[in-house]
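What follows is each chain in one-letter form.
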Amino acid sequence: MFTLHMNKGHTSREQIIWKAYQLFRERGYYNTSMETIGKACGLLKGSIYHYFTSKEHLMEGVLGAVHDSFKRQVFSVAFSPSESAKERLEKMMEATEQAYFQEQGGCIMGQTGGYAAINPSAFTRIIQAFFTEWREAFTHIFSAQYSFEQSKQLSWQAIQEIEGAITLYCIFFDKTFFAATRHRIEGLLV
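Residues numbered from 1 in each chain as written. Predicted model: local features only at pLDDT ≥ 70, side-chain atom pairs only at ≥ 80, totals over all residues. Heavy atoms only, no water.

Draft legend 1. Quick look at the environment of glycine 113. Looking at where glycine 113 falls in the secondary structure, it is placed in helix 6 (residues 108-113). On the accessibility criterion, glycine 113 (27% relative accessible area) is partly exposed. Separated by 14 residues in sequence, glycine 113 and alanine 99 have C-alpha atoms that sit 18 Å apart. (Helix = DSSP H or I, 4+ residues; strand = E, 2+ residues; numbered from the N terminus. Buried < 20%, exposed > 50% of the residue type's maximum accessible area, 1.4 Å probe, protein only.)

In structure tokens form, the structure reads like this:
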């Protein structure tokens, strides 16, 4: 799901973001040091500061890249004019499943957002924008069958259920939580 085009032969900003994303997703932001990220990139810790002024700045880059990836590969599916709402919903859920289960670690937005009380405000803004755009994508799809207010409510409920299923998967390593959630959400449209 999270795809980047990387140049071979040297470390780039995008490669640092990719490695940091993997580490933050597996270990969490607060349990990952710049030194660990540097080692994963084959760099000294100080070399990362050539690309990012701080760990917070790097995390902003990671969250922005994740959001951009979801815009292209998940959210945009909701607005495809050539398919029915049901087909778009199924494709969006498939893309969501691919995003969360191709690697370990769950949802970096949900993980990081869980520390909202101690997160830098920039993280909160990026995370809110991500979930708002996800809600808008679901709302657009559900509006084919429900009122705007019902669609909005169903959208938040779907996101909550997906995030819960991802969290339970990370605890129990059991994809059936997501499968049941996906089945229920897809069943909202006939």
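Draft legend 2. Broad picture of the confidence of the model for the protein chain. Per-residue pLDDT for the protein chain has a mean of 91; in total, 95% of the residues score no lower than 70. Within the protein chain, helix 3 (residues 45-48) has the poorest average pLDDT of any element, 86, and helix 9 (residues 176-186) the best, 98. Contacts from residues 4-9, a stretch scored under 50 in pLDDT, to residues over four places away or in other chains number 6 contacts. (pLDDT = per-residue confidence, 0-100. Contact = heavy atoms within 4.5 Å.)

Draft legend 3. Summary view of the pattern of salt bridges. A complete count under the given rule lists 9 salt bridges for this structure. Where glutamate 94 meets arginine 182, a salt bridge forms, and the shortest distance between an N and an O atom there is 2.9 Å. A residue pair is termed long-range when its members are at least 10 positions apart, and glutamate 94 in helix 5 (residues 85-101) and arginine 182 in helix 9 qualify at 88 residues. The class for glutamate 94 is partly exposed, based on a relative accessible area of 32%. Arginine 182 gets classed as buried once you look at its relative accessible area, which sits at 16%. Close ionic contact of arginine 184 with glutamate 161 constitutes a salt bridge, the shortest N to O distance being 2.7 Å. Here arginine 184 is found in helix 9, whereas its partner glutamate 161 is found in helix 8 (residues 148-172), with 23 residues between them in sequence. On the basis of relative accessible area, glutamate 161 is assigned to the partly exposed category, the value being 22%. Members of the salt-bridge network, linked through shared partners, are Glu94, Glu97, Lys175, Arg182 and Glu186. (Salt bridge = Lys/Arg side-chain N within 4 Å of Asp/Glu carboxyl O.)

Draft legend 4. Here's a closer look at unusual backbone geometry. The phi angle at phenylalanine 173 is positive, at roughly 55°, despite the residue not being glycine. On the basis of relative accessible area, phenylalanine 173 is assigned to the exposed category, the value being 61%.

Draft legend 5. Just the environment of tyrosine 146, in detail. Its location among the elements puts tyrosine 146 in the loop between helix 7 (121-142) and helix 8. For tyrosine 146, a relative accessible area of 23% puts it in the partly exposed group. When sequence neighbours within four positions are dropped, the list of residues in contact with tyrosine 146 reads Ser151, Leu154, Leu188 and Leu189.

Draft legend 6. Quick peek at a nonpolar patch on the surface. Side chains of Tyr30, Tyr115 and Ile118 sit close together on the surface and give an oily, nonpolar patch of about 320 Å² of accessible area. Structurally, the position occupied by tyrosine 30 is in the loop between helix 1 (13-27) and helix 2 (34-41). Tyrosine 30 sits in the partly exposed class, given a relative accessible area of 36%. (Patch = residues over 30% accessible without salt bridge, like charges linked within 9 Å, V, L, I, M, F, W, Y side chains within 5 Å. Areas by Shrake-Rupley, 256 points an atom, 1.4 Å probe, with all protein chains shown as cover.)

Draft legend 7. Main features of the nonpolar core. Within the largest apolar cluster, 56 residues are counted, with the highest numbers of intra-cluster contacts made by Ile37, Leu58, Val62, Trp134 and Phe138. Among the secondary structure elements, those contributing two or more residues to this core are helix 1, helix 2, helix 4 (55-73), helix 5, helix 6, helix 7, helix 8 and helix 9. Here this core takes 10 residues from helix 7, the largest share from any one element. What valine 62 contacts, discounting residues up to four positions off in sequence, is Ile17, Ala20, Tyr21, Phe24 and Ile108. (Core = buried A, V, L, I, M, F, W, Y, C linked by side-chain atoms within 4.5 Å.)

Draft legend 8. Looking closely at the state of the cysteines. In this structure the tally under the stated criterion is 0 disulfides. Here cysteine 170 is not cross-linked by a disulfide; its sulfur's nearest cysteine counterpart is in cysteine 107, at 9.2 Å. (Disulfide = S-S within 2.5 Å.)

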